[in-house]
Amino acid sequence: MFYLFKILSKLHIEKLYVLSGFSYHIVCCFFSYRKEIIEKNLKKAFPNKSQKKIKNIKNHFYRHFINIIFETIKLLDFSEHNLKQRIHIINPEIITRVKKRKQPIIIISGHYANWEWLLAFICVFWKKNIYAIYKPLSNKFFDNLILKIRTKFGAKMLKKKHAGKFILKNSKKENIYFILADQVPENLNNIHKSSFLKLTTSFSTGAERLSVKTNATVFYADMKKIKKGFYNIEFHKINNNITENYVKKLEQTILEAPENWLWSHNRWKR
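Given the structure is predicted, the values throughout are model-derived calculations rather than measurements.

> Help me understand the sheet that holds strand β8 (residues 217-227), please; the structure alone is not making it clear to me.
By way of backbone hydrogen bonds, the strands of a sheet pair with one another, either parallel or antiparallel. Taken in spatial order, the 7 strands of this open sheet run β1-β9-β8-β2-β5-β3-β4, and their pairing is mixed. Bordering the open sheet on either side are β1 (87-89) and β4 (156-159), each of which pairs with just one other strand. Taking the axes of each pair of neighbouring strands and ignoring which way they run, one obtains an average angle of 30° across the sheet. Alignment of strand β3 (residues 130-134) against strand β5 (residues 176-180), held across 3 bridges, turns out to be parallel. In the sheet register, A132 faces β5, and the bridge partner there is F178.

> Teacher, can you tell me more about the pairing of strand β6 (residues 191-196) here?
A regular strand places its side chains on the two faces of the sheet in alternate fashion. Bridge count for β6 against strand β7 (residues 199-204) is 6 bridges, and the pairing is antiparallel. What sits directly across from H192, in β7, is F203. From the end of β6 to the start of β7, which pair antiparallel, there are 2 residues, and L197 there has a positive phi angle of about 55°.

> Before we go on, may I ask you to explain the pattern of salt bridges in this structure?
Pairing between side chains becomes possible if they bear opposite charge and their charged atoms approach one another. Tallied over the entire structure, the rule returns 11 salt bridges. Its salt-bridge partner being R150, residue E116 comes within 2.7 Å of it at the nearest N-O pair. Pair noted here: E116 is in helix α7 (residues 115-126) and R150 is in helix α8 (residues 140-151), with a separation of 34 residues, a long-range link. The residues E116 and R150 share a single accessibility class, namely buried. Here K224 ties to E256 by a salt bridge, and the two come within 2.8 Å at their closest N and O atoms. Residue K224 is located in strand β8, and its partner E256 is located in helix α11 (residues 242-256); the two are separated by 32 residues in the primary sequence. Within this structure, K10, K74 and D77 form a network of salt bridges that share partners.

> What is the right way to read the side chain of E71 from this model?
Position of E71 among the secondary structure elements: in helix α4 (residues 51-74). Notably, E71 is buried but unbridged: the nearest opposite-charge side chain belongs to K225, and the N-O separation is 5.8 Å. Excluding residues within four positions of it along the chain, E71 makes contact with Y17, N114, W117, G229 and Y231.

> I keep staring at the nonpolar core and nothing clicks. Help me out?
Across soluble globular proteins, nonpolar side chains show a tendency to be buried alongside one another. Among the nonpolar cores identified, the biggest contains 90 residues, and L83, F235 and W263 are the most heavily contacted of them. Ranked by the residues each element gives to this core, the list is headed by α7, at 10 residues. Setting aside residues no more than four positions away along its own chain, L83 makes contact with L75, F78, W117, A120, F121, V124 and F153.

> In this structure, what is going on with the environment of A113? I would like to understand it.
By secondary structure assignment, the location of A113 is in the loop between β2 (105-109) and α7. As a C-alpha pair, A113 and I167 span 54 residues in sequence and 27 Å in three-dimensional space. Non-local contacts of A113, meaning those with residues more than four positions away in its chain, are made with H64, I68, M223, Y231 and N260.

> Honestly, a nonpolar patch on the surface in this entry has me stumped. Any pointers?
Together, M1, L4, L137 and F142 make up an exposed nonpolar region whose accessible area comes to about 400 Å². Among the secondary structure elements, L137 is positioned in the loop between β3 and α8. We classify L137 as partly exposed; its relative accessible area is 41%.

> I'm lost on the side chain of T214 in this one. Help?
Secondary-structure assignment places T214 in helix α10 (residues 206-214). Judged by relative accessible area, T214 falls into the buried class, the value being 7%.

> Looking at this structure, I do not really get the packing of aromatic side chains. What am I missing?
How two aromatic rings sit relative to each other is given by the distance of their centres and the angle of their planes. Applying the stated criterion across every chain, the model contains 22 aromatic pairs. When the ring of F5 is compared with that of F141, the centres are 6.0 Å apart and the planes differ by 35°; the resulting orientation is tilted. Taken together, the positions of F5 in helix α1 (residues 2-10) and F141 in helix α8 put the pair 136 residues apart, joining distant regions of the chain. In this structure F141 comes out as partly exposed when scored by relative accessible area, which is 25%. Joined through ring pairs, the aromatic side chains of F46, F196, F203, Y220, Y246, W261, W263 and W268 make up one cluster. The ring of F2 has K148 sitting right over it, with the charged end atom 5.4 Å from the ring centre.

> Sorry if this is basic, but what is going on with unusual backbone geometry here?
Most peptide bonds are trans, and most residues other than glycine sit at a negative phi. A positive phi angle, near 70°, is found at K127, a position not held by glycine. In this structure, K127 sits in the loop between α7 and β3. Residue N241 is not a glycine yet carries a positive backbone phi of 45°. Of note, N241 is situated in the loop between β9 (230-238) and α11.

Rules of the game
Residues numbered from 1 in each chain as written. Predicted model: local features only at pLDDT ≥ 70, side-chain atom pairs only at ≥ 80, totals over all residues. Heavy atoms only, no water. Pairing = 2+ DSSP bridges. Helix = DSSP H or I, 4+ residues; strand = E, 2+ residues; numbered from the N terminus. Axes fitted to C-alpha atoms, helices over the stretch in contact; angles between N-to-C directions. Salt bridge = Lys/Arg side-chain N within 4 Å of Asp/Glu carboxyl O. Buried < 20%, exposed > 50% of the residue type's maximum accessible area, 1.4 Å probe, protein only. Lys, Arg positive; Asp, Glu negative; His and termini not counted. Contact = heavy atoms within 4.5 Å. Core = buried A, V, L, I, M, F, W, Y, C linked by side-chain atoms within 4.5 Å. Patch = residues over 30% accessible without salt bridge, like charges linked within 9 Å, V, L, I, M, F, W, Y side chains within 5 Å. Areas by Shrake-Rupley, 256 points an atom, 1.4 Å probe, with all protein chains shown as cover. Phe/Tyr/Trp six-rings, centres within 6.5 Å; stacked < 30°, edge-to-face > 60°. Lys NZ or Arg CZ within 6 Å of the ring centre and 35° of its normal.

And the structure:
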């Protein structure tokens, strides 16, 4: 089955978008992928929007989500040059300055725009000592597939349950740690509750606690979709109240184009 994805990845990206459009109609008409969760989340986050507007965001989310699935598959074939043609970092110098001081860096973001391309391009731009924290998927095949994709450009993967100890042990090294911190926290002993999209929402304080213990500088990666298959990234330094400021920045990003966030995650299940 892996070879099927390899063959797909060899198709020109515009042909993959044609397949994505076809898949969109199948998902919407026959499967309604996580429809109930998506609609529930959107209604909670936007109680004043009409049913028509909620449906419009949902449909645009489906199109975007299926596109990024095919964009992620395309990473199996993409070169560094291909990514450089499609992604632009607005202010890389604020990361580079910290790297020159030989300090650890935490880049925190969310499941927004194309987070797989975000990690890949961070690796392309800064080349080495880049670690991404992840939770293994239950399906072994897709877990192995996503690991192949994420490590292609040099990222080293840290399982979530081991990440804290590794980061503390290597606190004197100039590593970059990439964390997506917008999903439901597993450890309810270390959470921060915030008003997020006007809903009381729990967030993990892991990045904040690690930054204090390691003196790491924390940046929020704000990735914006310019058009289909093209993205800009802007970094924002977070100096204090890291978790709360991260939540506010992520919320601002989502409100600008809500269809590009991962609404299929059961974010408010507890």
